[in-house]
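Residue-level structural notes
Listed here are the chains, written in short residue letters.
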Amino acid sequence: MEAELKVFIREAGVFLFMAFFPFITSLLSYCAGMALTGGQVTPAQWFYQLVGFTVMMVAFAMSSSSAWYFRRGMMTGRLEYILASPVSPLVAVLSSALTNVIFNIVYFILIASIGLVLVYGIGHLVNVIGVILFLAITLMPVIGFNLLVGIATIIFREPEPVTNVINSIVSAASGFTYPIILLPSFLQALGQAMPYSYIVNGAREILAGSFQLAQLSPQIFLLGYLALGLVFFRLGEVAYVRKSGVHW
Amino acid sequence: MNAITCEDLRKFFRAKVKRSFFSREDSLIRALDGVSLGVERGVVFSLVGPNGAGKTTMVKILSTLLIPDGGRAEVGGYDVVKQANHVRRIIGLVLAPDKGFYTRLTGIENLVYYGRLYGLSKEEAVKKAEQLLELTGLGADGARLYEEYSLGMRAKLSIAKALINDPEIVFLDEPTIGLDPLSARRIRSLIKDLATQGMTVFMTSHNMWEVEALSNTVAVIKSGKIVAEGSPAELKERLRLSYRLEVEIIADKSPDINFPVTVGERGYPVVTMETDRPGEDLVKVIDEVRRLGYSVGGVRVLEPSLEEVLTRVLSR
Ligand SMILES: Nc1ncnc2c1ncn2[C@@H]1O[C@H](COP(=O)(O)OP(=O)(O)OP(=O)(O)O)[C@@H](O)[C@H]1O
Ligand SMILES: [Mg+2]
């Protein structure tokens, strides 16, 4: 896990690009909104977009991290060495996923704080603490997704087809840049069944200071994704051993 | 008790052979076809054989990476399938000497990472990693990024990685491939030292000279079957490999002598013969040369090499 963190930190260039991206896109859509509505767009709406884009980046990174972990492991021969060690691959990939959660929370907080100060002033910065806790909990179901994609990568060898499908569904249905009530009903249902729309809305409300703890309780069902992910990961492992004769 | 035992080990792969865009045929490859062998503790055991013979497959089964399709194997007294986790704790492994590490981490960080996988604490892992860097001759290069490493440095790091958990048994698949002569020698003496300290080394190599210098036991594998096994000396003996005798005669033209004669590098005639008794035959040849009144320019007795053993065994 330390190793993973160090790797992340050494990729500072990519990090900077990732940090700029939500600012640029949200600014673009803010300006476009300004032009279209003749200046009726508020900074709060820019903030809405900023948070949306950032969570989207986090969601993409999170949904494919295990997949890439395995893929890189296969390409570099690291995976075989892990398999030949006493550590189970599930533990290894989970620690990599948790590293990702930490990294992504830091990433989100950085961007959100800048936006928060610009739009609401320094005073709202305390809300950031709430968001850290909120994300730490709500990103857990995403780890479930993450494991699903991971084991699919082991079985089918290439992560892209799976991650591309998941990412496009997620980005369409999760209300990153517009409320999901605007969506056709089946996409809405899909969006509500997945954890991302709750994450993005919750994060927005906490930061703006209008979040109630009671809102969290119906979302407990989302933790089922984590359980589901773990179960399918195990099933996938068994299937893979049968198919390939690899001692997983 | 043996460090490694296997009985009738089998592993098949389904190879997809493309006939055309739409049709393909599945053919069965017998990567291991009934391998039985035993490796004593504290010896260097080498598995040699042509490309695709099944050496890597063997290493992967014994190091719990592949499940055999038949037969059974024990490493350190544990079954490689049913007690894989016990096996994993007591083995070290090098698969490809230039792979298996985080490129964006330094050598020592990579070693510490693997140390942690084997349950070492951070401090223990750092200490062990530093020792191993010294031992393999990487030393100060341990602080450099892996992506900058040369092939030889990578190979050394792989071996250091294989030793991070103080294993009882190490599996080395072609550990000295691509190393310069000095580095290769260093690794070889390291392998020898490990064995004298009681570690069991199971290695594969295509360098017969190296195998001969290092191994207590050699097994030759061909198409998934062991075709010969024994110490290098035993193998030569069993195949009745003969010595090669060369006696150079200082003369302008081929003398009238009762032995086969060729022309040597210096242009002089050279008596060249294969023999099982090099001492006796050498004296005979020299006596004959003297009797004819010539002087002897030089003498060479060539021992049969393991390479010849391999050539013979494989061409049968
Ligand atoms: N994953 C796999 N799928 C299909 N066939 C495989 C697989 N791995 C190995 N084989 C086949 O099994 C046979 C033995 O391969 P192996 O890698 O054990 O040979 P090797 O003795 O290590 O050869 P080399 O000297 O080239 O390293 C080969 O015919 C190879 O094509
Ligand atoms: Mg091989």
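Conventions and cut-offs
Residues numbered from 1 in each chain as written. Chains lettered and ligands numbered in written order. Predicted model: local features only at pLDDT ≥ 70, side-chain atom pairs only at ≥ 80, totals over all residues. Heavy atoms only, no water. Helix = DSSP H or I, 4+ residues; strand = E, 2+ residues; numbered from the N terminus. Expected span 1.5 Å × (residues − 1). Buried < 20%, exposed > 50% of the residue type's maximum accessible area, 1.4 Å probe, protein only. Arc of directions from axis to C-beta. Contact = heavy atoms within 4.5 Å. Phe/Tyr/Trp six-rings, centres within 6.5 Å; stacked < 30°, edge-to-face > 60°. Lys, Arg positive; Asp, Glu negative; His and termini not counted. Salt bridge = Lys/Arg side-chain N within 4 Å of Asp/Glu carboxyl O. Polar contact = N/O pair within 3.5 Å; in protein donor to acceptor, adjacent residues only side chain to side chain. Pairing = 2+ DSSP bridges. Axes fitted to C-alpha atoms, helices over the stretch in contact; angles between N-to-C directions. Domains from an automatic or database assignment. Parallel < 35°, antiparallel > 145°, perpendicular 65-115°, else oblique. Left-handed = near helix turned anticlockwise from the far one by under 90°. Nonpolar A, V, L, I, M, F, W, Y, C, P; charged D, E, K, R; others polar. Patch = residues over 30% accessible without salt bridge, like charges linked within 9 Å, V, L, I, M, F, W, Y side chains within 5 Å. Areas by Shrake-Rupley, 256 points an atom, 1.4 Å probe, with all protein chains shown as cover.

**Brief notes about helix α10 (residues 223-244) of chain A**
Residues and elements named next belong to chain A. In a regular helix each residue adds 1.5 Å, so 22 residues correspond to 32 Å; α10 covers 32 Å between its end C-alpha atoms and thus fits that length. Among all positions of α10, only G229, F233, G236, E237 and Y240 are buried. Projected onto a plane normal to the axis of α10, the buried residues spread over an arc of 110° and lie on a single side. Residues of α10 that are buried in the fold lie against α3 (43-76), α5 (89-120) and α6 (127-156).

**Digging into the packing of aromatic side chains**
Any aromatic ring pair is given by two values, namely how distant the centres are and how the planes are angled relative to each other. Counted under the stated rule, the structure contains 13 aromatic pairs over all chains. Ring centres 5.6 Å apart and planes at 85° place the aromatic pair F47(A) and Y120(A) in the edge-to-face group. Of this pair, F47(A) sits in helix α3 while Y120(A) is found in helix α5, placing the two residues 73 residues apart along the sequence. The interplanar angle of 85° and the centroid separation of 6.0 Å between the aromatic rings of Y81(A) and Y114(B) together place this pair among those described as edge-to-face.

**Points about the side chain of R88(B)**
Note that R88(B) resides in helix α2 (residues 84-90). Of the side chains with opposite charge, E237(A) lies nearest to the buried R88(B), which makes no salt bridge, at 9.6 Å. Of note is the side chain of R88(B), whose polar atom sits 3.1 Å from the backbone oxygen of L83(A).

**Description of the sheet that holds strand β1 (residues 4-18) of chain B**
All names here are of chain B. The four strands lie next to each other as β2-β1-β4-β5, forming an open sheet whose pairing is antiparallel. Of all strands in the sheet, those bounded by a partner on one side alone are β2 (24-39) and β5 (78-79). By the bridge criterion, two bridges tie strand β4 (residues 70-75) to β5 in an arrangement that is antiparallel. Looking at β5, one finds that E74 is bridged to D79. Against the sheet, helix α1 (residues 55-62) touches β1, β2 and β4, its axis set at about 125° to β1.

**A look at the domain arrangement of chain B**
All names here are of chain B. Under the domain assignment, chain B is made up of domain 1 (4-230) and domain 2 (241-314). Here the C-alpha centre of domain 2 lies 42 Å away from the C-alpha centre of domain 1. Tallying the contact residues gives 11 residues for domain 1 and six residues for domain 2. In this assembly, domain 1 and domain 2 are joined by zero salt bridges. Inspection of the region where domain 1 meets domain 2 yields two residue pairs in polar contact (both at pLDDT 80 or more).

**A short note on the packing of α6(A) against α10(A)**
Any two packed helices are characterised by how steeply their axes cross, that is the angle between the axes, and by the distance between the axes. All names here are of chain A. As a packed pair, α6 and α10 sit with axes 7 Å apart at the nearest point and diverge in direction by 15°. Compared by their axis directions, α6 and α10 come out roughly parallel. As for the relative orientation of α6 and α10, their crossing is left-handed in sense. Only L223, Y225, L226, G229, L230, F232, F233, G236, E237, Y240 and K243 of α10 make contact with α6, whose side of the interface consists of I137, M140, P141, I143, G144, F145, L147, L148, I151, I154 and I155. In the contact of α6 with α10, the residues fall into 17 nonpolar, three polar and two charged.

**Here's the deal with a nonpolar patch on the surface**
Residue and element names in this part refer to chain A. The grouping of L148, L228, V231, F232 and L235 at the surface amounts to a nonpolar patch, some 430 Å² of accessible area in total. Of all the elements, α10 adds the most residues to the nonpolar patch, at four residues. By the element assignment, V231 lies in helix α10.

**Describing the pairing of strand β3 (residues 44-48) of chain B**
All names here are of chain B. Burial analysis of β3 places five of its five residues in the buried class, the great majority of the element. Neither face of β3 is open: one carries V44, S46 and V48, the other F45 and L47, and all of them are buried. Where β3 meets strand β8 (residues 200-204), four bridges bridge the pair, whose relative direction is parallel. Looking at the pairing, S46 lines up with M203 of β8. By the bridge criterion, four bridges tie β3 to strand β9 (residues 217-222) in an arrangement that is parallel. Note on β9: the bridge partner recorded for F45 is T217.

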